[in-house]
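Structural features, examined
So the chains spell out like this:
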Amino acid sequence: MAVDAPLGFPLGQCCLEESCACKPASPLTGRACERELARLGIASFWTTKRSIIKPMVYAAIHLRAGLEARSIPALEVYPYASKVLLFGRMSKSTVKKSTPEGLAHLTRRVATLVTGLRHATPNGNHDALDAVLATYTGVLHLRGQTETLGDLVEGEITIPRRATTKA
Ligand SMILES: [Zn+2]
């Protein structure tokens, strides 16, 4: 199952609580997968004790444990990275997800990959498009068309393989 959220804590950390003595093993910020994304020019939330998405990280790690207990692999994906790698960098004005034009544009791009999409999200909904991109990345993974960034222990991010992307 493709999950759009961190599925692990940085190496050395058992939690994201300032009150806990656990410390990141690396002097660098965040997880290796997040640093590798940054090197590709793709911004993401750093998973640190100062994260503003802590509750989501805990929920995602809990979800991972639940899935794995039922032998369902959990795959961390990042729809924004998938979008950039599949479609190339779009100018800010065309991808402004907050505007109807931006959403329509993105819906058209995603519809070139996923048949029936316009039917599913007729009014263009950004969260729905992210979910479609997340799942599509999972499909690419099953087809062997992805690569992983980061470290297995602290969680890897699966992205469309760059050689197969259209950029
Ligand atoms: Zn801790």
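See above for the structure.
Small disclaimer: the values here were computed from a predicted structure and weren't measured. (Residues numbered from 1 in each chain as written. Predicted model: local features only at pLDDT ≥ 70, side-chain atom pairs only at ≥ 80, totals over all residues. Heavy atoms only, no water.)

Now for the packing of helix α5 (residues 100-111) against helix α7 (residues 126-142). Look at α5 against α7: their axes get within 11 Å of each other, and the N-to-C directions meet at 25°. Taken as axis vectors, α5 and α7 run roughly parallel relative to one another. Seen along the crossing, α5 lies across α7 with a hand that is left-handed. Where α5 approaches α7, its residues L103, L106, T107 and V110 are matched on the opposing element by H126, L129, V132 and L133. For the contact of α5 with α7, the class distribution of residues is 6 nonpolar, 2 polar and no charged. (Axes fitted to C-alpha atoms, helices over the stretch in contact; angles between N-to-C directions. Helix = DSSP H or I, 4+ residues; strand = E, 2+ residues; numbered from the N terminus. Parallel < 35°, antiparallel > 145°, perpendicular 65-115°, else oblique. Left-handed = near helix turned anticlockwise from the far one by under 90°. Contact = heavy atoms within 4.5 Å. Nonpolar A, V, L, I, M, F, W, Y, C, P; charged D, E, K, R; others polar.)

Of note, A65 is situated in helix α2 (residues 54-69). Spatially, the C-alpha atom of A65 lies 9.2 Å from that of L7, the residues being 58 residues apart in sequence.

Its identity is not glycine, yet S71 carries a phi of approximately 60°, on the positive side. Inspection of the secondary structure assignment puts S71 in the loop between α2 and β2 (75-76). Taking relative accessible area as the criterion, S71 reaches 67% and is therefore assigned exposed. (Buried < 20%, exposed > 50% of the residue type's maximum accessible area, 1.4 Å probe, protein only.)

The next subject is the pairing of strand β4 (residues 155-160). With 5 of 6 residues buried, β4 lies mostly within the body of the structure. Between the end of strand β3 (residues 146-151) and the start of β4, which pair antiparallel, lie 3 residues. (Pairing = 2+ DSSP bridges.)

A few words on the side chain of R31. Counting through the fold element by element, R31 comes out in the loop between β1 (2-3) and α1 (32-39). According to the relative accessible area criterion, R31 is buried, its value standing at 0%. Within the structure, the side chain of R31 is placed 2.7 Å from the side chain of E34, a separation counted as a polar contact. With sequence-adjacent residues up to four places away left out, R31 is seen in contact with P6, L7, G8, F9, P10, T47, E76, E154, G155 and I157. (Polar contact = N/O pair within 3.5 Å; in protein donor to acceptor, adjacent residues only side chain to side chain.)

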